[in-house]
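Architecture at a glance
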Amino acid sequence: SSEPETAAGGGGKHTIGVANFMLSGPYFSGMDKAIAAQAQKKGNIDILSTDAGGDAAKLASNVEDLLSKNVDAIIISGGPLESAPAVLNSIKAAGKPVVLVDRKFATGEYTSWIGPDNEAIGRQNGEFLAEKLPDGGKVGIIKGGPADNSIGLARTNGVKSVLSTKPGITLVEAPDFGNWGSDGGLTVMESLLATNADLKAVFCENDAMCLGAQRAIADAGKSEQIIIAGVDGQAEALQAILDGTNYLVTGLNDADIIGAMGLDRAVDILSGAQVEKDTVVPSPRVTKENAAQFQNPDGSF
Amino acid sequence: MTGQLLRKPALVVRGRDVTVTAAFVALILALVAVAAFTSDTFLTPVNLTNLLKQMVTTGLLAFGMLVVILTGGIDLSVGSVVAFSGILAAGLVAGLPIPVAMLVGLLAGVAFGAVNGVLVARFGLAPFVVTLASLTTIRGLAFVYSEVPIAPDDPAFFTLGSAMAGPVPVATLIMLAVFAVGGVFLTRTPAGRAITAIGGNAETVRLAGISVPRHLTLAYTISGACAGLAGVILASRVGIAQPSVGVAFELDAIAACVIGGASLAGGRGSARATFGGVLVLVLINNLLNLYGVQSFWQQVLKGLIIIAVILVQRTNRVRG
Amino acid sequence: MTGQLLRKPALVVRGRDVTVTAAFVALILALVAVAAFTSDTFLTPVNLTNLLKQMVTTGLLAFGMLVVILTGGIDLSVGSVVAFSGILAAGLVAGLPIPVAMLVGLLAGVAFGAVNGVLVARFGLAPFVVTLASLTTIRGLAFVYSEVPIAPDDPAFFTLGSAMAGPVPVATLIMLAVFAVGGVFLTRTPAGRAITAIGGNAETVRLAGISVPRHLTLAYTISGACAGLAGVILASRVGIAQPSVGVAFELDAIAACVIGGASLAGGRGSARATFGGVLVLVLINNLLNLYGVQSFWQQVLKGLIIIAVILVQRTNRVRG
Amino acid sequence: MSLELRGVRQSYGDVEVLHGVDLTGRPGEVLAVVGANGAGKSTLIRVLAGAHRMTSGELRIDGEPVELRSPHDAHARGIRTVYQELSLVPELSVTENLLLGAYPRRRGGLIDWPEAHRQARRLLDDAGFGGIDPRTPAGRLPVARQQMVEIAKALAGEVRVLVLDEPSAVLAGADLDALFALIRRLRERGVLVIYVSHRLAEVLELADSIVVIKDGQIIATTEPAKTSETELIGLMAGRLLEQIYPARREAPSETRLHLTGLSRDGEFQDVSLEVRSGEIVGLFGLVGSGRSELARCVFGAEPPSKGTGGYRSPAAAIAAGLALVTEDRKRSGLVLGMTVLDNIALATLGATRRGPLLDMTARRKRVGEMIERLSIQPARCATIPVAALSGGNQQKAVLAKWLLAGPRVLILDEPTRGVDMATRVDIYRMVDDLARAGLAVLLISSDLTEVLGATDRVLVMRQGRIAGELRSDSTTEDEILAYAIGQAA
Ligand SMILES: Nc1ncnc2c1ncn2[C@@H]1O[C@H](COP(=O)(O)OP(=O)(O)OP(=O)(O)O)[C@@H](O)[C@H]1O
Ligand SMILES: Nc1ncnc2c1ncn2[C@@H]1O[C@H](COP(=O)(O)OP(=O)(O)OP(=O)(O)O)[C@@H](O)[C@H]1O
Ligand SMILES: [Mg+2]
Ligand SMILES: [Mg+2]
């Protein structure tokens, strides 16, 4: 039924479905908004956005709902979801293109992927910390935990791959997870400080946890002693970096950019263009020097 | 407590609890009618198939939950069991034939359910806390088994979750069969009647020579089995088993029972009405999606609709 | 139900429930002793301060939960209220003086609690489902208010959460004050006794000319207020308010009450024992961290320890 | 104060239960209300207590029409009610139960607990129930004590009308005497006492005037001097009952229940007894003498600490042909929310099966026959919740459940408590028939006349021990009581 409409619309009135695995994280809701904003900018594109609330089966249902509404293409923001073969299969069976943003699924066929290289972000942070700690010292690592394993793992592995080769640097992994939130980052940091008062730096798998960890460090009066490195480029983190606090670095993982690119990619595919299969969005290292240029008052993340 | 029972007796017709009241059926029909008239998409075959698929997990968990709720208990651990059974089955696929791996996944659910049951029945611990603790423990075990999701290569792993029997998914048929057989179990077998009676008055049941611990254990085991089955089907449907899946699944299952008029104090509830509750929940979700309601507003509305539905249910019961 | 009560009565001394039994105190002391002897870190000032800080949220929620549990109800919505109150307060800081913004955050909690209470008390809906629905709705509202975390610039926003009174965090003192005042409220005011009595036998309370709906509403409002306070303190402590915070917080709060010997059927439980339950939970978490137990195993162990603790509690009560 | 009811009608849902009741009570009068189970006595009382709003009709106090909007309203006017069902808060202390909602307070508004306990103590003493410790949780007290607390609770503040719904059902011996003494004291103080009871002997002894209620209407008003037990029963039942207790002709054969030295620590010691096929053995004792505990222990509900003859579990007892009708049907005899059918079939769940499924038709038939045989009312009650039956009919449903199991030994614990006279006669007849058919019956009762009339032998229990054994046809109430209170020669 959408065929005649498309024809009448005179070239390119499309409906694109967005299947979010979860929206309850600023990064993910930012992604959703960026896609919608880019569609608005392009005009002629309707967006149907769904949220699976972190439930893989619901994601499958949502995609099925979208297909039943006959969307022209689907963008999947898979967040912490490792893969969803059945979802990809059903999209393929319906003959629709699918663009993955941020999360590249480990298995299954997709049309195109746009996202960051998480291990590279980790390495980048590792190198930065190594520079800042020429005399070595203890570096704490706060992991996000179950909900996002391979992404977090990639980031931590990146950091470790660099730091473990540096003499004098010891790595201390917090036993408990920070669950990707600032409150979790805070408590895990508190516990870490109780057992390792002599930390020189801490790396968290995302900025939200770093922000919590920063408070714990401040409360312990160790802001002079411990430096902080995160990932994402969350607005508050950029501000903290710009303000010259002990939050020194993050690796930009910009939902706004990835989201916009994802939408563009879907539109390109629909207009029949030949597109790159995988696109790694560079994640520049953000420090005090360049933080201002990444601040985006209109950005959603 | 006794006072309340006297004032609001459940309707009972021909020895069966009738909680699927006319108003409840009307409510479901009204939801369907609204959906059909306001959305072009609702009645399309694709969407109807979606509906059928979407009710599988909640449906299976809700039936198991109903059995436990009838005894006056609750099973909070089902979401974690879904995760464990799924990831175990997916993990075992590497070394075992797929049906066997899936069976072992299901049996893991049975085992967890039995442990919950024994703790509640033999040690007399509060069901809420026992299953709250096992929720935590089983979730941890799922991650201990595999921190990362497992996606078996063999496409036959997807069959259970995605095969269709004509227009109806096989998984949905399995769920419906559980409700059908389960309904007969609850109303027409000695064990089913005993489970229902325990929720009404365990001491009376004990003095009637019926083993209360055994039936309590059975009830939790059934819930564990349903959760195990749901976990295996879910992993197969998604094609990948994640240790993190199933958080808060218990809440929808409980909501389905209560929307269907089951009493959390035990003794009152039916398989049919619980299935109605599942339908209501799935319809709400489907409609909110079809209307394109924004995710967070969906949550806001979902809560409000649940309150509205149980208000209707209650008004109806008090009058009845 | 009554039958069980008759066989395992709560101790009551001078009109007050005594559930802080000797064995329970011994259990807490044993935990502390084990911690002190096996970990160098446990008794360090830093760790002790951590302990004091980490009990604030669970403590506040547990007290509110206790009040609701005493009436025979439950409040699943507290985690969502924590999120909403926190993000509201943080959001309002832009336009209002900080104390006022925080007060409004707290009052939002009061308002949600009151709505829960009215739905339970006036409309006679099951507390589990009402608060399950409001859990969903309030979480949605928190995201509708702000999808992204809000971090107020003014460092005065941090004061409530991080100020110290000597070695003791001010937030901890507030939590302790809630327990102290709350304990007196429950044992020594007519409203507190009415709330306890409602959980024992609501009909009797009604016939004694005491308004059951009013006291039920009060109980849920207190829980909402505690959650609101916890939300504001948490936002202030972290310095950032997140709409996603607080998922599953209700479970720890309920666990604390039950570990402290409260009965989910209502009528039995005390502020002191609940505080003991909070201590046990916080100690378990702290110990598992100090020993460096990996997160998944922490979950596994935490569930098992909770079961063990309530087994001890129960044995003790049966003998007592 | 004087109290007048005019044309009171009251319905539950669509069913009218009171059809225009007129009633007058004067200060200083003991007004007894008698009637069969389900006649509407408790309903009438709930109207007086403000717990139900009457559908129509009028209440006048001292000639003034008043409307009772709530229990509180009635309470404030000095109308106090002790309900038929115990309604204490089991977790709370006796003190709290007595003062619920009216605690003494210190300056600052906090409850003054020492003063509260003193007030509670005084209330109990004034009521003549001095033996109860106000600090005990109410749920820990034996039923009789709980009943006394209920009565004492009604006496707080200024009492002008005291309504007692079957207060004596759980009292016996000295406790009963204390209650009667209390009622007489209140009468002297000008209180109007409305007294509902199935024990006609005590009604005749205590009342100044008697009203008989039948099917929701007052059908007679009389005085003790002008009537007799037989006449009252006739009025209540609508038929004449020439004989209450069937004539026993004992023909005992083999021993069916044989206890030797059975003990359970703290409850009863060294109980040896025999009950033979065809005989009815009474077990009398004061409340708290341990009879119920003994029965439960024999039945396997609680393990004994010594001795033989008890069963391992209720299932084992049932398999051996035992049946136990417990003393508290709501707590341990019925599943109130389930249907009459489900309840009656509960002890024989596995009996009617076709394959793994219950044979619903056979089940309905078996239960239907039992409903008919015991004439449980209403006759077509199989599919209604048992909670909707009147007390006496609920009791019959419990009996039906056990009769379906075809027992060889029947233990009845207070089977006629709260049961009207006509139904009692039915129950005595039934038990007698069963004994004649070869059953061994152990009848636990606190009702002396019943123990004497319905049994062949009487065992008397005192403080957990068998204090004596007497033949029913050659002993007296006084003699039995003497054993029970330890003053037998
Ligand atoms: N809550 C109720 N709902 C519906 N019907 C009721 C309720 N309570 C009582 N009835 C019915 O009302 C009638 C009168 O009951 P009521 O309790 O007043 O009798 P009663 O004279 O006190 O009997 P008993 O001697 O058994 O206590 C009975 O037929 C009973 O089944
Ligand atoms: N306050 C109490 N606390 C604990 N146990 C009690 C208390 N009062 C009584 N008991 C126990 O209950 C036992 C039996 O009480 P019960 O009242 O059931 O006896 P009974 O002879 O069956 O009397 P009845 O059946 O007439 O009430 C007592 O022997 C005692 O061990
Ligand atoms: Mg009555
Ligand atoms: Mg007894």
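Conventions adopted
- Residues numbered from 1 in each chain as written.
- Chains lettered and ligands numbered in written order.
- Predicted model: local features only at pLDDT ≥ 70, side-chain atom pairs only at ≥ 80, totals over all residues.
- Heavy atoms only, no water.
- Donors = N, O, S within 2.8 Å, 3.2 Å for Na, K, Ca; no water.
- Helix = DSSP H or I, 4+ residues; strand = E, 2+ residues; numbered from the N terminus.
- Pairing = 2+ DSSP bridges.
- Axes fitted to C-alpha atoms, helices over the stretch in contact; angles between N-to-C directions.
- Contact = heavy atoms within 4.5 Å.
- Buried < 20%, exposed > 50% of the residue type's maximum accessible area, 1.4 Å probe, protein only.
- Buried area = accessible area lost by both parts, 1.4 Å probe.
- Salt bridge = Lys/Arg side-chain N within 4 Å of Asp/Glu carboxyl O.
- Polar contact = N/O pair within 3.5 Å; in protein donor to acceptor, adjacent residues only side chain to side chain.
- Nonpolar A, V, L, I, M, F, W, Y, C, P; charged D, E, K, R; others polar.
- Domains from an automatic or database assignment.
- Near = heavy atom within 4 Å.
- Areas by Shrake-Rupley, 256 points an atom, 1.4 Å probe, with all protein chains shown as cover.
- Parallel < 35°, antiparallel > 145°, perpendicular 65-115°, else oblique.
- Left-handed = near helix turned anticlockwise from the far one by under 90°.

Six octahedral donors at a metal ideally form angles of 90 or 180 degrees, and four tetrahedral donors ideally form angles of 109.5 degrees. The magnesium ion (ligand 4) binds to the protein through Ser292 of chain D (OG), Glu327 of chain D (OE) and Glu327 of chain D (OE), with metal-donor distances spanning 1.7 to 2.8 Å. Pair noted here: Ser292 of chain D is in helix H9 (residues 291-298) and Glu327 of chain D is in the loop between strand E15 (322-325) and helix H11 (329-332), with a separation of 35 residues, a long-range link.

Residue and element names in this part refer to chain D. Spatially, three strands are ordered E12-E11-E14 in an open sheet, and the strand pairing comes out antiparallel. In the strand order of this sheet, the two ends are held by strand E12 (268-276) and strand E14 (306-308), each with one partner. Here the strands of the sheet are splayed against their neighbours by 5 degrees on average, with no regard to which way each runs. Summarising the sheet, strand E11 (residues 255-264) and E12 pair through six bridges and their orientation is antiparallel. Bridged to Leu257 within E12 is Val275. Across the sheet, H9 touches E11 and E12, and the angle it forms with E11 is around 115 degrees.

All names here are of chain B. Relative to the assigned elements, Val309 resides in helix H14 (residues 295-319). Take Val309: its relative accessible area is 5%, and that puts it in the buried class. Along the primary structure Val309 and Leu141 are separated by 168 residues, whereas in three dimensions their C-alpha atoms are 37 Å apart. If near-sequence neighbours (up to four positions away) are discounted, Val309 is found in contact with Leu27, Ile259 and Val280.

Contacts between the two partners involve 35 residues from chain D, matched on the other side by 27 residues from chain B. Together chain D and chain B conceal approximately 2,600 Å² of surface at their shared face, both sides included; 66% is due to carbon and sulfur atoms. It is Met338, Leu346 and Leu349 of chain D in chain D that bury the most area against chain B; as a group they hold 17% of the surface buried on that side. Scanning the region where chain D abuts chain B turns up three salt bridges. Between Glu302 of chain D and Arg206 of chain B there is a salt bridge whose closest N-O contact spans 3.9 Å. On inspection of chain D and its partner chain B, the count reaches nine residue pairs in polar contact (both at pLDDT 80 or more). Residue assignment for the side of chain D that touches chain B shows that the elements contributing at least two residues are helix H10 (314-319), H11, strand E17 (357-358), helix H13 (360-373) and helix H14 (391-404) of chain D. Here the side of chain D that touches chain B is composed, by residue class, of 19 nonpolar, seven polar and nine charged.

Turning our eyes to something else, we now look at the interface of chain B and chain C. Facing 39 residues of chain B, the contacting portion of chain C comprises 39 residues. Summing both sides of the interface, chain B and chain C together bury roughly 3,700 Å²; the carbon and sulfur share of this comes to 83%. Among the residues of chain B in contact with chain C, Phe128, Val129 and Phe296 of chain B are the three that bury the most area, contributing 16% of the side total. Our count for the contact surface shared by chain B and chain C stands at four residue pairs in polar contact (both at pLDDT 80 or more).

Residues and elements named next belong to chain D. Assigned domains within chain D: domain 1 (3-237) and domain 2 (255-484). Using C-alpha coordinates to define each centre, domain 1 is positioned 30 Å away from domain 2. Contacts between the two partners involve 18 residues from domain 1, matched on the other side by 14 residues from domain 2. When the two sides are added together, the surface that domain 1 and domain 2 hide from each other amounts to roughly 1,400 Å², 61% of it contributed by carbon and sulfur. Contact with domain 2 buries area across many residues of domain 1, yet Asn37, Ala172 and His198 alone supply 34% of it, more than any other trio. On inspection of domain 1 and its partner domain 2, the count reaches zero salt bridges. Applying the counting criterion to the domain 1 and domain 2 interface returns one residue pair in polar contact (both at pLDDT 80 or more). With four residues, the single largest contributor to the side of domain 1 that touches domain 2 is helix H8 (residues 229-237). Looking at the side of domain 1 that touches domain 2 residue by residue, the classes come out as nine nonpolar, five polar and four charged.

Bringing the site of ligand 2 into the picture now. Residues and elements named next belong to chain D. The environment of ligand 2 is formed by 15 residues, the closest being Arg140, Gly290, Arg291, Ser292 and Glu327. In this structure, an oxygen atom belonging to ligand 2 sits 3.1 Å away from a main-chain N or O atom of Ser289. Residue Gly290 places a main-chain N or O atom 2.8 Å away from an oxygen atom belonging to ligand 2. For ligand 2, the protein covers 73% of the area, taking 630 Å² as the surface of the free molecule. When grouped by side-chain class, the residues that make up the shell around ligand 2 number three nonpolar, six polar and six charged.

Moving on, we get to the sheet that holds strand E2 (residues 45-51) of chain A. Residues and elements named next belong to chain A. A sheet is described by the order of its strands in space; here six strands give the open sequence E2-E1-E3-E4-E5-E11, paired in parallel fashion. If you trace the sheet from one side to the other, it starts and ends with E2 and strand E11 (278-280), each paired once. Across the sheet, the mean angle from the axis of one strand to that of its neighbour is 15 degrees, orientation sign disregarded. Note: strand E5 (residues 112-115) against E11, three bridges, orientation parallel. In the sheet register, Gly115 faces E11, and the bridge partner there is Val280. This element, helix H4 (residues 85-93), spans strand E3 (73-77) and strand E4 (98-101) of the sheet and lies at about 170 degrees to E3. Against the sheet, helix H10 (residues 255-270) touches strand E1 (14-20), E2, E3, E4, E5 and E11, its axis set at about 165 degrees to E5.

Moving on, we come to the environment of Gly228 of chain C. Mapped onto the elements of the fold, Gly228 of chain C is located in helix H12 (residues 212-238). Separated by 123 residues in sequence, Gly228 of chain C and Gly105 of chain C place their C-alpha atoms 6.4 Å apart.

The subject of this paragraph is the packing of helix H2 (residues 22-38) of chain B against helix H13 (residues 271-290) of chain B. Helix-helix packing is described using two parameters, namely the angle between the two axes and the distance between the axes. Residue and element names in this part refer to chain B. Put simply, H2 and H13 touch, their axes get as near as 10 Å, and they point 25 degrees apart. Compared by their axis directions, H2 and H13 come out roughly parallel. The two elements H2 and H13 meet at a crossing, and its hand is left-handed. Listed contacts from H13 to Phe24, Leu27, Ile28, Leu31, Val32 and Ala35 of H2 are Ala273, Gly276, Gly277, Leu279, Val280, Leu283 and Leu287. Residue composition of the contact of H2 with H13, by class: 11 nonpolar, two polar and no charged.

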